[in-house]
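# Topology and contacts: notes
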Amino acid sequence: MARSGTGWTGKTKMSTMSAKHAILGVTGSIAAYKACEIASLLVKQGVKVTPVLTKSAAEFVGAASLEAITGSRVIKEMFDSSTNANIDHVSVPLSADILIVAPATANILGKAAHGIADDWLSTALLVTRAPILFAPAMNTNMYEHPAVQENLRTLHERGCHFVGPDSGVLACKTVGIGRMMEPPYIVEAAMALLYPKHDLAGTKVLLTTGGNHEPIDPVRFIGNRSSGKMGHAIAQEALNRGAEVTVITGPAEVQPPEGATFVRVQTALEMGDALLERFDAADIVIAAAAVADYRVDDPATEKHKRNGGSMTLRLVENPDLIAEAALRKRQGQVVVGFAAETSDVERNARAKLAKKNLDLVVANVVGTADSDFGTDTVRASIIDATGARDELALMSKATLAERLFDHIVAMLDKKRGSPIASP
Ligand SMILES: Cc1cc2nc3c(=O)[nH]c(=O)nc-3n(C[C@H](O)[C@H](O)[C@H](O)COP(=O)(O)O)c2cc1C
């Protein structure tokens, strides 16, 4: 009954929806209690967080809080790692996209500067090849000590990143430099390292995602299995790149990410109205929803009862939402559609591109073990008037979202620079 307008699947390096993985190392400072807020802010940004407590940090903050916030086991022991792959001291740091140490004591900075690996966190600092971000926190005398200053210089020269410390009243009641920066600044610095592209600032992105429920009667509907995962990845990538994001979402398992404005709809007609209402204001419009092709003609106002026989439903075709909306496309706007294709991918998708007045079509496979509704990976090609990219390569939905916006940004730049109206 419904068109499979989207599709994805499989298992690559990325096994969850999270686009990025951060190790959050917490060391033995009075500021360690703020690690819970740092973890919470990272999780809200869609980052998967593996928390690590040093022995001293465990005196300041409870593992249970960090576990509840992150949904991940807290790593404390080095020697568990030989039997538990989830806390392995080599594979976990290698899978991370960033290693954040907040708060960072004088001790961990000294160990990192000198290559000492006597616990899980200091070992991970030597294993990882991801960016390392330290948020130092200590008493002013400790911070200003030549040994600490030399360690900081060494780490700087090796390419480590720092946020803070700040000046102010310290826990020891003295005033001076050494306070850990507040969690939002630490998370901002981490996000800038995780997502160096910030090329959508000031840009409005409008996205449709999820499926539709087309009512049969007040309690029944015709629906589809759209999970909303692709839409979530697209919205998250747009937010990471600084866009203002509005998501029109039909029924889906996955909710839009924190930071996006969202409009909930049920039916294709409601989705169409919401899309048309917001279309003109958007710079980029992406139709990733699995829109129902048909709806029940004249749904019953009372619940259907069994009558001992058969029942016939008459279906009528829904409008092609993105094709109708794209008729209004103005110069400088980029409009993207999704298409599930099984054969002749490039030819079919290019035909759709022209027929629907789109700038890009993402052709994707549905119904296979590694590319379907609800999976974290997708086989997809991004197609424009000049040809196809990626040729149905298997990738995470987060990677597809990133490549899609790379392409869109290049297109926007061209359109903005061109005096010729788009076709
Ligand atoms: C109450 C208290 C507060 C502390 N605060 C700090 C601090 O803010 N910065 C710091 O470098 N050390 C601080 N320390 C000392 C560290 O906990 C100590 O150097 C420890 O060995 C650090 O171990 P770790 O780096 O493995 O967590 C504090 C100690 C105590 C008892």
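In what follows, the accompanying structure is described. Keep in mind the model is a prediction, meaning the values are calculated, not measured. (Residues numbered from 1 in each chain as written. Predicted model: local features only at pLDDT ≥ 70, side-chain atom pairs only at ≥ 80, totals over all residues.)

### Thoughts on the site of the ligand
In the vicinity of the ligand there are 15 residues, among which Thr 27, Gly 28, Ser 29, Thr 54 and Thr 105 approach most closely. The biggest single contributor to the shell around the ligand is helix α4 (residues 106–114), with 3 residues. Counted by class, the shell around the ligand contains 8 nonpolar, 7 polar and no charged residues. (Near = placed C-beta within 6 Å. Helix = DSSP H or I, 4+ residues; strand = E, 2+ residues; numbered from the N terminus. Nonpolar A, V, L, I, M, F, W, Y, C, P; charged D, E, K, R; others polar.)

### Side note on the packing of α4 against helix α5 (residues 120–127)
Running from N to C, α4 and α5 point in directions that differ by 40°, and their axes come no closer than 10 Å. With respect to their mutual orientation, α4 and α5 come out oblique. Crossing of α4 over α5 shows right-handed handedness. Facing α4, whose interface residues are Ile 108, Lys 111 and Ala 112, α5 presents Leu 121, Ser 122 and Leu 125. Within the contact of α4 with α5, the residues separate by chemical class into 4 nonpolar, 1 polar and 1 charged. (Axes fitted to C-alpha atoms, helices over the stretch in contact; angles between N-to-C directions. Parallel < 35°, antiparallel > 145°, perpendicular 65-115°, else oblique. Left-handed = near helix turned anticlockwise from the far one by under 90°. Contact = placed C-beta atoms within 7 Å.)

### Points about the environment of Ala 287
Counting through the fold element by element, Ala 287 comes out in strand β13 (residues 284–287). In this structure, the C-alpha to C-alpha distance between Ala 287 and Ile 177, residues 110 residues apart in sequence, is 50 Å. Those residues in contact with Ala 287, other than ones at most four positions away along the chain, are Thr 208, Leu 321, Ile 322, Val 336, Gly 337 and Phe 338.

### So, the nonpolar core
With 60 residues, the main nonpolar core has Ile 234, Val 285 and Val 336 as its most contacted residues. Per-element accounting of this core gives the leading share, 7 residues, to helix α13 (residues 397–417). Counting residues in each nonpolar core, the second largest holds 59 residues, with Ile 100, Ala 104, Met 181 and Ile 186 among its members. (Core = buried A, V, L, I, M, F, W, Y, C linked by C-beta atoms within 7 Å. Buried ≥ 20, exposed ≤ 12 C-beta atoms within 10 Å, placed from the backbone.)

### A short note on the sheet that holds strand β5 (residues 161–162)
Spatially, 5 strands are ordered β2-β1-β3-β4-β5 in an open sheet, and the strand pairing comes out parallel. With one partner strand each, in any of the chains shown, β2 (47–53) and β5 form the two edges of the open sheet. Here strand β4 (residues 132–136) runs beside β5; their pairing, made up of 2 bridges, is parallel. Pairing of Phe 134 across the sheet is with Phe 162, part of β5. Against the sheet, helix α8 (residues 183–194) makes contact with β1 (20–26), β2, β3 (98–104), β4 and β5, and its axis sits at roughly 165° relative to β3, the strand it touches most. (Pairing = 2+ DSSP bridges.)

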